[in-house]
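Architecture at a glance
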Amino acid sequence: MPGPEVLLYGLPLAFLAGFIDAVAGGGGTITLPTLFFMGLSPAQAVATNKLLAIFGSGSATVQYWRKGHVDRALVLRLIPLALAGSALGAYLVHFIDPDAFRTLVGVVILGVGALVLANKRFGMEDRYPGLTGRVLALTLPGAFVIGLYDGFLGPGTGTFLMFLFALVGFNLVRSSGNARTINFATNLGAFLFFLIGGQMVWWIGLPMGVANALGAVVGARMAMLRGSGFVKVMYALIVLLVAARLFLVR
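Residues numbered from 1 in each chain as written. Predicted model: local features only at pLDDT ≥ 70, side-chain atom pairs only at ≥ 80, totals over all residues. Heavy atoms only, no water.

1. Here we look at the environment of Leu35
To keep it simple, the criterion reads: Labels follow the DSSP assignment, with helices taken as runs of H or I lasting at least four residues and strands as runs of E lasting at least two, numbered in each case from the N terminus. Summary of the burial criterion: residues with accessible area below 20% of their type's maximum are buried, those above 50% are exposed, and those between are partly exposed, where the area comes from a 1.4 Å probe applied to protein chains only. Contact between two residues is taken to exist if any of their heavy atoms lie within 4.5 Å; hydrogens are not considered.
Its location among the elements puts Leu35 in helix α2 (residues 28-37). Assessed through its relative accessible area of 0%, Leu35 is described here as buried. Separated by 189 residues in the primary sequence, Leu35 and Met224 place their C-alpha atoms 30 Å from one another. Not counting residues within four places of it along the chain, the set of residues in contact with Leu35 comprises Leu40, Ala45, Thr48, Asn49, Leu52, Ile204 and Met208.

Written out as structure tokens, the structure reads:
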């Protein structure tokens, strides 16, 4: 078991992860390797990472929600589907090797990033039409599939959610607010699941969770202050970071 000195680098990295995740998703690509590097077992690292995630995604959700950047009517319809998908994904991981899909998902997320960057206006203006049939036809199955991916593999879940919301007309700031809210719900569900397993390292998870939450507050406020252009740049960086993890980490 590591000693308290690991928090000297764990806390600033958790803050950075919270900042990044609140803007464009992908914070887990920083926190999970950090927990492994600290000396935690795989089960402890995954469980403790979910403890961090509810701090970060929860505080980011509060920031976006209070400023009106979350479409409550839509998000509340999608959360149950995302939770159901996440539960199914966690079940399927016992039968299907996730490594077989890492390269495929890496290619997909690079393609998503290229689409976002190639279309200069994509996600820059808010053109959301409301709860139309087209919006529900895209977001309802989309939330379930992305939730399934979150439970099955995980990296880039928030980034995929942002793309889904931008696809139906939200600007990238509101897309981020919606994505963080659904991510909070799925993280909370996973946290309760891992809580039963008793693998969380609380003395590491709680202080790093607080640092993650502080980073998320700063990140969410920066995204709302700087607007969709700033979020788009961060989104591109996160796409590269997530793809690198999927291609390189086995």
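2. Details of helix α9 (residues 202-226)
Here is the rule we go by: How far a helix is expected to stretch is found by multiplying one less than its residue total by 1.5 Å.
The terminal C-alpha atoms of α9, which comprises 25 residues, lie 35 Å apart, in line with the 36 Å expected from a rise of 1.5 Å per residue. Trailing α9 by a residue or two, Gly227 shows a phi angle of about 90°, which is positive.

3. Some words on the nonpolar core
Inside soluble globular proteins, nonpolar side chains tend to come together where they are buried. Quick note on the threshold: In this description, a nonpolar core means a group of buried Ala, Val, Leu, Ile, Met, Phe, Trp, Tyr and Cys residues linked to one another through side-chain atoms lying within 4.5 Å.
Counting 54 residues, the largest nonpolar core has Val23, Phe165, Ile182 and Tyr235 as its most contacted members. Once residues within four sequence positions are removed from consideration, Ile182 is found in contact with Val75, Leu78, Ile79, Ala82, Leu161 and Phe165. Within the second largest apolar cluster, 13 residues are counted, among which are Leu40, Ala45, Leu52 and Met208.

4. Some words on the pattern of salt bridges
Oppositely charged side chains may form a pair once their charged atoms are brought near each other. Selection rule: Any Lys or Arg side-chain nitrogen located within 4 Å of an Asp or Glu carboxyl oxygen qualifies as a salt bridge.
By the definition in use, this model includes 4 salt bridges. Among the ionic pairs, Glu125 bridges to Arg121, the shortest N-O distance being 2.9 Å. With its nearest N and O atoms 2.8 Å apart, the salt bridge here joins Glu125 to Arg127. Owing to a relative accessible area of 34%, Glu125 belongs among the partly exposed residues under this scheme. You can call Arg127 exposed: its relative accessible area is 58%. Three or more residues joined by partner-sharing salt bridges are found here, namely Asp71, Asp126 and Arg174.

5. Digging into a nonpolar patch on the surface
Here is the rule: Patches here are clusters of residues that have more than 30% relative accessible area and form no salt bridge, with a 9 Å joining cutoff for like charges and a 5 Å cutoff for nonpolar side chains (Val, Leu, Ile, Met, Phe, Trp, Tyr). Using a 1.4 Å probe, accessible areas were evaluated by the Shrake-Rupley method; residue-level cover was limited to the displayed protein chains.
A contiguous nonpolar patch, built from Leu88, Tyr91, Phe95, Ile96, Phe101, Leu104 and Val108 and spanning about 660 Å² of accessible area, is present on the exposed surface. Where the nonpolar patch is concerned, the elements lending two or more residues are α4 (72-92) and α5 (99-118). Top contributing element to the nonpolar patch by residue count: α5, with 3 residues. Mapped onto the elements of the fold, Phe101 is located in helix α5. Residue classification places Phe101 among the partly exposed residues on the basis of a relative accessible area of 34%.

6. What to know about the packing of helix α1 (residues 7-24) against α9
Operational definition: Note on geometry: axes are lines fitted to C-alpha atoms, helical ones only across the stretch in contact, with angles between N-to-C directions running from 0 to 180 degrees. Take the far helix as your reference; a near helix turned counterclockwise from it by less than a right angle gives a left-handed crossing, and one turned clockwise gives a right-handed crossing. Note that Gly is not counted as nonpolar here; it falls among the polar residues with everything else outside the nonpolar set of Ala, Val, Leu, Ile, Met, Phe, Trp, Tyr, Cys and Pro and the charged set of Asp, Glu, Lys and Arg.
Axis separation between α1 and α9 bottoms out at 6 Å; the angle between their running directions is 35°. Remark: the crossing between α1 and α9 carries right-handed chirality. Considering only residue class, the contact of α1 with α9 consists of 19 nonpolar, 5 polar and no charged.

7. So, the UniProt feature "transmembrane region" (unreviewed entry) in the chain
Put simply, the rule reads: UniProt positions are given in the numbering used here, feature names are shortened, and annotations may be inferred rather than shown by experiment.
Mapped onto the present numbering, the UniProt feature "transmembrane region" (unreviewed entry) falls on residues 6-32, 74-94, 100-119, 131-149, 155-173, 185-205 and 225-248. As a span, residues 185-205 carries 81% helix and 0% strand, and end to end its C-alpha atoms are 19 Å apart. Between the C-alpha atoms that bound residues 225-248 the distance is 34 Å, and the span itself is 96% helix and 0% strand.

8. So, the environment of Met224
Position of Met224 among the secondary structure elements: in helix α9. Residues Met224 and Ile196 lie 28 residues apart in sequence; the distance between their C-alpha atoms is 37 Å. Excluding anything up to four places from it in sequence, Met224 contacts Gln63, Tyr64, Lys67, His69 and Val173.

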